[in-house]
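Commentary on secondary and tertiary structure
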2 protein chains.
Amino acid sequence: MPSSSLEPQSDAASSATPDTDVPVAGLKARLLNHLEAAPLRASQRLPSEREMIERFATTRVTLRDTLLQLEAEGRIYRENRRGWFVSPPRLRYDLLACLPFRDMVESQQRVASTEVLAAGEVAANAVIARRLGIAEGSVVYRITRVRRIDGRRVLHVCHHLRRDCFPGILDFDLGAHSLTDLYRHEYAIRVSRVSFELASTVFDAEAAAALNAAQGSPAQRITRINFDQNGRAVDCDDEHWRHDAIELTLSAAPQS
Amino acid sequence: MPSSSLEPQSDAASSATPDTDVPVAGLKARLLNHLEAAPLRASQRLPSEREMIERFATTRVTLRDTLLQLEAEGRIYRENRRGWFVSPPRLRYDLLACLPFRDMVESQQRVASTEVLAAGEVAANAVIARRLGIAEGSVVYRITRVRRIDGRRVLHVCHHLRRDCFPGILDFDLGAHSLTDLYRHEYAIRVSRVSFELASTVFDAEAAAALNAAQGSPAQRITRINFDQNGRAVDCDDEHWRHDAIELTLSAAPQS
DNA sequence: TAGTGGTCTAGACCACGGA
DNA sequence: CCGTGGTCTAGACCACTAT
């Protein structure tokens, strides 16, 4: 077992890491962990891959494997062809609080922003029709947005709204207003029940492009259906989050 | 666009693969997708990596990247050094139904089994103490189990129970009984509120070993705290699921 | 245009699994 | 024991980003 000191020596050598008896693989992984543990960067960019290769005396493939590992752990992330970055702390997302995005983000001392990618009418496909309890092919509103936290694009959302519930809603500024606020104040519709479906996957091509994520980056999918005070499904949305951006929370009475 | 049938043919040479203008990356990814789409295997093992290399005329590294992608998508999974397998359909896990594991699994026509890895007493660390509202260092029961669906190890759970709530619970057969059933019938404690914390990460070394997962495989972490009818936290658990094994669902009234 | 990450080739040795 | 996946080396070309 080579107990050599595999230290990144930028200027002053970060000494005192025995690195002996590294049991099994990892090797470089711990190494990179240490890289982050030591300077504890804020949310900055890592050195370029070629630079890290030299620093750690390793290969592109090996380095890349390690970076992908750390990405899976949620410790770093990448922007497509732009580089690797240290992940900021996860936003706590209380599924049942039903806070507007902006409020949720700001209550955690972060900065929120929203971008509307598209807003229009489409015919509901089978999935959407089933969720909303309407006939396939019915025209619904579709709104696609990207949301940022502290400038970082973390969420791609696609909403489908029953047109008969929210006539003319596209005329509002959907980048500035919370949809649930519009529901309540402009349409007298209150969300009185929500139903979720969560799974961990990767971004599809569209979401990846919108978030500037590499295709194949891990993503958290959240599908939500909102029901109004009459138990009618009024809208649904498909959210794809950078998986390292959130930690979901939830507190409720079980239905037993 | 090459609409040719990209079929893996074992003996016959892998001819007729134009490979022209494959738009962007993927290349092999689509190829492997097709591999699965065509025969639509049940939950069987994929050919060995070296065999696939030949079949698809590619390299180990490239092949491996592709497999890891499919793993991240939740379409295949691996057992440590044993090979790659097609992922079975996800189990729907209703967070608020609070069904015992066995019931949940069997209600979906699957077969459940449980293995107790360890059961004993430990001193509560800071995290556990905070969750349970007890003093750090208090002695609690700890139960570690592995759960299977259709024989596949999918879940590593570690429970921490307040000893004053469940005296002598370790004497029951914890592999056969549901904990919540024991709570109710043996200790007259009913779970009347649950609080969750969900995040997507990778397995730690212990969980990976217990599930025979490769270290670094993606995992869904679910932390739960159970409160009894008096609002007292009586136990908590840390679940680590193979991320492709579940789809979480949830339906409730928001707390607005 | 220079440098970056994304993708890929063609090998190698090791530790562990299963027969 | 052989075959498997796990890890690693040492390069290469391309598409895109940033300047």
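Source: prediction; values computed, not measured. (Residues numbered from 1 in each chain as written. Chains lettered and ligands numbered in written order. Predicted model: local features only at pLDDT ≥ 70, side-chain atom pairs only at ≥ 80, totals over all residues. Heavy atoms only, no water.)

**Describing helix H3 (residues 60-73) of chain A**
Heads up, the rule is: Helix numbers and strand numbers start at the N terminus; a helix is a DSSP run of H or I with at least 4 residues, a strand a run of E with at least 2. Take the residue count of a helix, subtract one, and multiply by 1.5 Å to get its expected span. In this scheme, a residue with accessible area under 20% of its type's maximum is buried, one over 50% is exposed, and one in between is partly exposed, where area comes from a 1.4 Å probe on protein chains only.
In this model H3 of chain A runs 20 Å from its N-terminal to its C-terminal C-alpha over 14 residues, within 8% of the 20 Å that 1.5 Å per residue would give. Listed in full, the buried residues belonging to H3 of chain A are Leu63, Thr66, Leu67, Leu70, Glu71 and Ala72 of chain A.

**Looking at the protein's contact with DNA strand D**
Stated precisely, the cut-off is as follows: For each residue, the test is whether any non-hydrogen atom lies within 4 Å of the molecule or strand; if one does, the residue is near. Side-chain atoms alone can form a polar contact between residues adjacent in sequence; in general such a contact is a pair of N or O atoms within 3.5 Å, and within protein one must be able to donate a hydrogen while the other accepts it. For this classification, Asp, Glu, Lys and Arg are treated as charged, while Ala, Val, Leu, Ile, Met, Phe, Trp, Tyr, Cys and Pro are nonpolar and the rest, including Gly, are polar.
The environment of DNA strand D is made up of 23 residues, and the closest members are Thr59 and Arg82 of chain A together with Arg50, Arg64 and Arg81 of chain B. The share of sugar and phosphate among atoms of DNA strand D within 4 Å of the protein is 62%. Within the side chain of Arg81 of chain A, a nitrogen or oxygen atom sits 3.0 Å from a base nitrogen of DNA strand D. Take Arg60 of chain B: an N or O atom from its side chain is 2.9 Å from a base nitrogen of DNA strand D. For the surface near DNA strand D, the elements supplying multiple residues, two or more each, are H3 of chain A together with helix H2 (49-56) and helix H3 (60-73) of chain B. Residue composition of the surface near DNA strand D, by class: five nonpolar, seven polar and 11 charged.

**Focus: the pattern of salt bridges**
So the rule is basically this: A pairing counts as a salt bridge when a side-chain nitrogen of Lys or Arg comes within 4 Å of a carboxyl oxygen of Asp or Glu.
This model, assessed by the stated rule, comprises 40 salt bridges over all chains. Two residues, Arg82 of chain A and Glu79 of chain A, come together in a salt bridge whose shortest N-O distance is 3.0 Å. Judged by its relative accessible area of 46%, Arg82 of chain A is partly exposed. Residue Glu79 of chain A is classed as buried on the basis of its relative accessible area of 15%. The partner of Glu197 of chain B in a salt bridge is Arg92 of chain A, with the nearest N and O atoms 3.7 Å apart.

**Details of the nonpolar core**
How we decide: Working definition of a nonpolar core: buried Ala, Val, Leu, Ile, Met, Phe, Trp, Tyr and Cys residues. They are joined through side-chain atoms within 4.5 Å. Residue contacts are defined here by distance: any two heavy atoms, one from each residue, within 4.5 Å place the two residues in contact.
Counting residues in each nonpolar core, the largest one holds 72 residues, and the members touching the most others are Phe166, Ile169 and Trp241 of chain A together with Phe166, Ile169 and Trp241 of chain B. With residues near it in sequence (within four places) discarded, Trp241 of chain A still touches Tyr93, Phe101, Met104, Val154, Leu155, Phe203, Pro218, Ala219, Gln220, Ile222 and Ile246 of chain A.

**Examining the confidence of the model for chain A**
Where we set the bar: Every residue gets a pLDDT, meaning the predictor's confidence in that residue, from 0 to 100.
Per-residue confidence for chain A gives a mean pLDDT of 86, with 83% of residues at or over 70. Low pLDDT (under 50) marks residues 1-25 of chain A, which in the prediction has 25 contacts with non-local residues, meaning those over four places away or in another chain.

**A look at the relation of the copies chain A and chain B**
Quick reminder of the rule: All copies are superposed by least squares; the fitting set is the C-alpha atoms of residues with a pLDDT of at least 70 in both.
Rotating chain A by 180° and moving it 0.0 Å along the rotation axis overlays it on chain B with an RMSD of 0.0 Å. In symmetry terms, the pair is related by a two-fold rotation axis. Of the C-alpha atoms belonging to chain A, the one lying closest to the rotation axis is found on Ser200 of chain A, 3.5 Å away. Taken as a fraction of all interface residues of chain A, those also at the interface in chain B reach 100%, which identifies the copy contact as same-surface.

**Quick look at unusual backbone geometry**
All names here are of chain A. A positive phi angle, close to 60°, is found at Arg81, a residue other than glycine. Within the secondary structure, Arg81 is located in the loop between strand E1 (76-79) and strand E2 (83-86). In this structure, Ala188 takes a positive phi of about 55° despite not being glycine. Secondary-structure assignment places Ala188 in the loop between helix H6 (179-187) and strand E7 (193-202).

**Some details on the sheet that holds strand E8 (residues 218-227) of chain B**
Put simply, the rule reads: In this description, strands pair whenever DSSP reports at least two bridges between them. Interaxial angle, 0 to 180 degrees, is taken between N-to-C directions of lines fitted to C-alpha atoms, where a helix line uses only the stretch in contact.
In spatial order, the strands read E3(A)-E10(A)-E7(B)-E8(B)-E9(B)-E6(B)-E5(B)-E4(B); together these eight strands make up an open sheet with mixed pairing. Each edge of the sheet is formed by a strand with only one pairing partner; in this case those strands are strand E3 (91-94) of chain A together with strand E4 (112-123) of chain B. Strand-to-strand twist in this sheet, taken as the mean axis angle between neighbours without regard to direction, amounts to 20°. Alignment of strand E5 (residues 139-149) of chain B against strand E6 (residues 152-162) of chain B, held across 10 bridges, turns out to be antiparallel. Within E6 of chain B, the residue paired with Arg147 of chain B across the bridge is Leu155 of chain B.

**A look at the pairing of strand E5 (residues 139-149) of chain A**
In regular strands, side chains alternate between the two faces of the sheet. All names here are of chain A. Counting buried positions over the 11 residues of E5 gives eight, a clear majority of the element. Here strand E4 (residues 112-123) runs beside E5; their pairing, made up of 11 bridges, is antiparallel. Residue pairing in the sheet places Glu115 in a bridge with Val146 of E5. With antiparallel pairing between neighbouring strands as the criterion, E5 and strand E6 (residues 152-162) make up a hairpin whose turn holds two residues, including Asp150 at a positive phi of roughly 50°.

**Comments concerning the interface of chain A and chain B**
The line we're drawing: Summed over both partners, the accessible surface that disappears when two parts come together, traced with a 1.4 Å probe, is what is meant by buried area.
At the interface, 40 residues of chain A touch 40 residues of chain B. By the criterion of area lost to chain B, the three top residues of chain A are Ser200, Leu250 and Pro254 of chain A, representing 16% of everything that side buries. On inspection of chain A and its partner chain B, the count reaches four salt bridges. Between Glu247 of chain A and Arg221 of chain B there is a salt bridge; the shortest N-O distance is 3.2 Å. Taken together, the connections running from chain A to chain B amount to 16 residue pairs in polar contact (both at pLDDT 80 or more). No other element matches E7 of chain A, which puts 10 residues into the side of chain A that touches chain B.

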